[in-house]
Amino acid sequence: MIIVDEPFVAPEFADYLEETQHPVLANAMARRLAADGRRINLVDDTACARAVEAGERLYTASENALSWVSEHVERASMRRAISVFKDKALMRELLAPLCPGVFYQRVAADDLRALDFDALPKPLVVKPSVGFCSAGVHVVEDRAGWEAALAAIERDASTWNEWYPESVIGNAEFVVESYVGGQEFAIDAFYDEEGRAHVLNVLQHDFAGPDDTSDRLYYTGASIVRAWAPRFEEWLTRANELVGARAFPVHVEVRVEDAEGVGAAEQDAGANAEGADAAGAGAEPRITPIEFNPLRFAGLCGTELAYFAYGFHTYDYYLRDVAPDWDVLLAGKEDKLYCMGLLAAPADTPEGVRFDAARFTEPLARVLQCYEFDPHAVGSYAFVFCETDEEGAQGAADRERLLKEPLEGYVVTER
């Protein structure tokens, strides 16, 4: 069972819905696809809820669908997993045994200014307890940064309400927590009927600097998947022993300390979590969760990167309970990185402007796809996907462009 919803459905996903005739909830977005000529297998609320209650797998292409799930689905394991994964504070509490030493505190929005900042560990992160796409996430190192973060939260809260429902971004409660160092990764994975994790993609998430919280650059490749997919599968399975999710997709973001010593050669040699020391990599890297996103993979069509890179749809593998055969999927891709960049628009973007995506992407060596958005409906100008060489000046320049190129010069006022 599939639920599509605002703000966007990728054409590749719509093609999949037509080709497979997988049942799709007949909500407004699905009906719009059908009205646009897509041959979609629509089912009503009752049939969809009945199928999910009977154990059929559910995939949601947008977190907007979580409100429908909460109103129509009673399946205990699903409801528990959603409540744990969507609530960042609850996730911290439940998974604390896996990440000792990480400070966190729930704080009502109205109480943020009353916190004793001097008593908090620094650096720290403040973010909505229920959130999406890095909205409202701020890294704070000193009091000036703290005041700036509070001002930005107060300024932007009404805009989040326009973009997303309360089930996607909530303004009522925030989490203040330790800043976790190390390399960040994003993982698309699903739990099978026994609760074991199967990783469908691993993306390295790079930042422009220590204060950057954007989604400007993610990339995957054979070296990344080989080094990290087995580790993350083992860690996600252990995390699920505390949650109990079954037949459940997740998009997970983690930070890994001491990640530099891990490479594809180690995985090729058969090293695993128990054998890292013997392989010469030193202590096993420490994995700390940043967030779990329930019932979906990388948002705003980001999960399509697996299709552009490796030729399979993540949601198809999950719905059919298929684990990737990475030896086959990665063949011939050893020297490539597959990148995506979400080009976020400021919350105060004026009306009557558009983003010149063609000019922004023109210098990139190989553009795989570029989705353009209405910044007032989505909060972003565009989502860019490209292929780069893992080594060499052109590949490095393309990734640098996705990560750091100022966007203001590509914003055009429409007449």
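One structure accompanies this document, and this report is about it. If you're wondering where the values come from, they're calculated on a predicted model, not measured in any experiment.

The rules behind the values
- Residues numbered from 1 in each chain as written.
- Predicted model: local features only at pLDDT ≥ 70, side-chain atom pairs only at ≥ 80, totals over all residues.
- Heavy atoms only, no water.
- Helix = DSSP H or I, 4+ residues; strand = E, 2+ residues; numbered from the N terminus.
- Buried < 20%, exposed > 50% of the residue type's maximum accessible area, 1.4 Å probe, protein only.
- Contact = heavy atoms within 4.5 Å.
- Areas by Shrake-Rupley, 256 points an atom, 1.4 Å probe, with all protein chains shown as cover.
- Core = buried A, V, L, I, M, F, W, Y, C linked by side-chain atoms within 4.5 Å.
- Lys, Arg positive; Asp, Glu negative; His and termini not counted.
- Salt bridge = Lys/Arg side-chain N within 4 Å of Asp/Glu carboxyl O.
- Polar contact = N/O pair within 3.5 Å; in protein donor to acceptor, adjacent residues only side chain to side chain.
- Pairing = 2+ DSSP bridges.
- Axes fitted to C-alpha atoms, helices over the stretch in contact; angles between N-to-C directions.

## Focus: the overall build of the protein
Then comes step 1: A count of helices and strands for the protein gives 15 helices and 18 strands.
Then comes step 2: Taking all 415 residues of the protein together, the buried fraction comes to 56%.
Then comes step 3: Long-range contacts, defined as pairs at least 24 residues apart, comprise 70% of the intrachain contacts of the protein with a sequence gap of at least 6.
Then comes step 4: As presented, the protein carries roughly 16800 Å² of accessible surface, and 48% of it is formed by carbon and sulfur atoms.

## So, the nonpolar core
Then comes step 1: Membership of the largest hydrophobic core comes to 113 residues, with the highest contact counts inside it found for Val4, Phe13, Phe85, Phe232, Leu236 and Phe292.
Then comes step 2: Ranked by residue count, the leading element in this core is helix α8 (residues 222-240), at 10 residues.
Then comes step 3: Leaving out residues up to four positions away in the same chain, Phe232 has contacts with Phe185, Ile187, Val199, Val202, Val254, Val256 and Ile287.
Then comes step 4: With 14 residues, the next largest nonpolar core counts Val107, Leu115, Leu124 and Phe174 among its residues.

## Here we look at the side chain of Asp188
Then comes step 1: Tracing the sequence through the fold places Asp188 in strand β9 (residues 183-191).
Then comes step 2: Among buried Asp, Glu, Lys and Arg side chains, Asp188 stands out as unpaired, with Arg296 the closest opposite charge at 6.4 Å.
Then comes step 3: A polar contact is formed between the side chain of Asp188 and the backbone nitrogen of Ala298, at a distance of 2.9 Å.
Then comes step 4: Leave out the neighbours within four places in its chain, and Asp188 touches His198, Val199, Leu200, Asn201, Val250, His251, Phe297, Ala298, Thr303 and Thr314.

## Some remarks on the sheet that holds strand β6 (residues 124-128)
Then comes step 1: Strand order in the open sheet formed by 4 strands is β5-β8-β6-β7, and the pairing between neighbours is antiparallel. Pairing within the sheet leaves two strands with one partner each, and these edge strands are β5 (104-108) and β7 (138-140). On average, each strand axis in the sheet is tilted by 25 degrees relative to the strand beside it, whichever way the strands run.
Then comes step 2: Taken together, the 5 bridges between β5 and strand β8 (residues 173-178) define a ladder with antiparallel strand orientation. Each bridged residue has a counterpart across the sheet, and for Val107 the counterpart in β8 is Phe174.

## A closer look at the pairing of strand β10 (residues 197-206)
Then comes step 1: Burial within β10 is extensive, with 10 of its 10 residues counted as buried.
Then comes step 2: Where β9 meets β10, 8 bridges bridge the pair, whose relative direction is antiparallel. In the sheet register, Ile187 faces β10, and the bridge partner there is Val202.
Then comes step 3: Remark: 5 residues form the turn of the hairpin made by β9 and β10, two consecutive strands paired antiparallel; Gly195 in that turn has positive phi of roughly 90 degrees.

## Let's talk about the pairing of strand β13 (residues 286-294)
Then comes step 1: Most of β13 sits out of view: 8 of its 9 residues are buried.
Then comes step 2: Sheet analysis places strand β12 (residues 248-257) next to β13, joined by 8 bridges and oriented antiparallel. Each residue of the ladder has a partner; that of Val254, found in β13, is Pro289.

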